[in-house]
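Letter by letter, the chains look like this.
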Amino acid sequence: MKLTSLHKRHNELANAKRQLEILSNGIFQTGDLPRFKDKISETGQFPLKPKKIEVLQINVGYMCNQVCTHCHVDAGPDRKEIMTKETMQHCLDVIKKTEAHTLDLTGGAPEMNPNFRWFVEKASKIGVQDFIVRSNLTIIKSNKKYHDLPEFFKKHNIHVISSMPHWTQGKTDKQRGNGVFNKSIQALQELNALGYGMPESKLKLDLVYNPSGAFLPGDQYSMEQEFKKVLKSDFGIQFNNMFAITNLPISRFLDYLIASENYEDYMYSLVEAYNPSAVQNVMCTNTISVSWDGWLYDCDFNQMLELKVNSKVNHISHYNENILQNREVVISQHCYGCTAGAGSSCQGSVA
Ligand code: SF4
Ligand code: SF4
């Protein structure tokens, strides 16, 4: 059966309010598990306040050529939300004046936005210190018009970060779709051939691992060593760093947890693995997430739950870093995904 987004299926979890209801009721309402707010209060970390905005993460659209089972964006070919050139122009104006050192473009498959290349060309000229594109790799092989993306990335000194849940075809395709593994391997080889991920090269290629089921990721460093060993010996592939990311209980992963009757057990394991020292470095403490329509969020997960920043400045068109840095982060029980074990963010472990 061809997988489609929750939106396309009119699944109740396509509704952010419904997701938040699930995350606030049940075991959290009965008190079997503490709410995130109460948990972080135990160590005096509520309200959660950002430190300095260092990363501007821009989601240029929810359209994707893949429909991964655990996608927190609920992305897919049927999603039509795409950032317009006008909103991109607002983003460029902000990039010119921000003190953030990292620009992180995400999606969906960001390359599917028809103005993606225009935007990257403009933004790279501004001179961002670290310019990340989260590429799902298969987009490069999906259509002739994307075949030259590796050269395009190289030309603009893009730091490529891509998902690779496993070094075997079976496990990767199960989570990300049939044929994904082979295309990803080809794309990684092409990136390596241009210098990406190679020793001594300035072109950075990082991989992201997220678990294929209702369990937490293992140790990031050991996983990186194992992936490096197998990808090199089996396919001659090299990369820089591996980021281990915990699946947050939202969107399609929440749907999976409920359908497989793992929701409560998973929430118990997240709460049991709660690590108070991870709280101070969660992603929302140094990131602002911009949605395809320009609204501002504490992180990409809050964006998907439609929890806008708690600030009078909540749209890219009237962005103000000083005001935004004084906000309180909007939290709910999904935040336990960021504070379990070694913690988790778009750049891996945080503790
Ligand atoms: S490639 Fe990324 S954005 Fe696209 S469906 Fe998979 S997880 Fe979601
Ligand atoms: S889900 Fe977002 S708001 Fe919650 S802790 Fe993680 S980064 Fe912060």
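So, here's what we can say about the structure. On a predicted model such as this, the values are computed, not experimentally measured, just so you know.

Counting buried residues in strand E3 (residues 130–134) gives 4 out of 5 residues, a clear majority hidden from the surface. Here 4 bridges tie strand E2 (residues 102–106) to E3, and the two strands are oriented parallel to one another. Bridge pairing in E3 links leucine 103 to phenylalanine 131. A crossover links E2 with its parallel partner E3, the connecting element being helix H4 (residues 116–126), and its sense is right-handed. Looking at chain direction, E3 and strand E4 (residues 159–163) are connected through 3 bridges and run parallel. Within the sheet, the bridge partner assigned to arginine 134 lies in E4 and is isoleucine 161.

Burial of strand E5 (residues 205–209) is extensive: 5 of the 5 residues sit out of reach of the surface. Burial along E5 is two-sided: the residues Leu205, Leu207 and Tyr209 and Asp206 and Val208 are all buried. Relative to E5, E4 is paired through 4 bridges, and the arrangement is parallel. By the bridge assignment, serine 162 is partnered in E5 with leucine 207.

Okay, the site of ligand 1 next. Neighbouring residues of ligand 1: Cys64, Gln66, Val67, Cys68, Cys71, Ala75, Gly108, Asn136, Arg176 and Arg252. Class assignment of the residues belonging to the shell around ligand 1 gives a composition of 5 nonpolar, 3 polar and 2 charged.

Conventions adopted
- Residues numbered from 1 in each chain as written.
- Chains lettered and ligands numbered in written order.
- Predicted model: local features only at pLDDT ≥ 70, side-chain atom pairs only at ≥ 80, totals over all residues.
- Heavy atoms only, no water.
- Buried < 20%, exposed > 50% of the residue type's maximum accessible area, 1.4 Å probe, protein only.
- Helix = DSSP H or I, 4+ residues; strand = E, 2+ residues; numbered from the N terminus.
- Pairing = 2+ DSSP bridges.
- Right-handed = clockwise from strand over helix to strand, strands pointing away.
- Near = heavy atom within 4 Å.
- Nonpolar A, V, L, I, M, F, W, Y, C, P; charged D, E, K, R; others polar.

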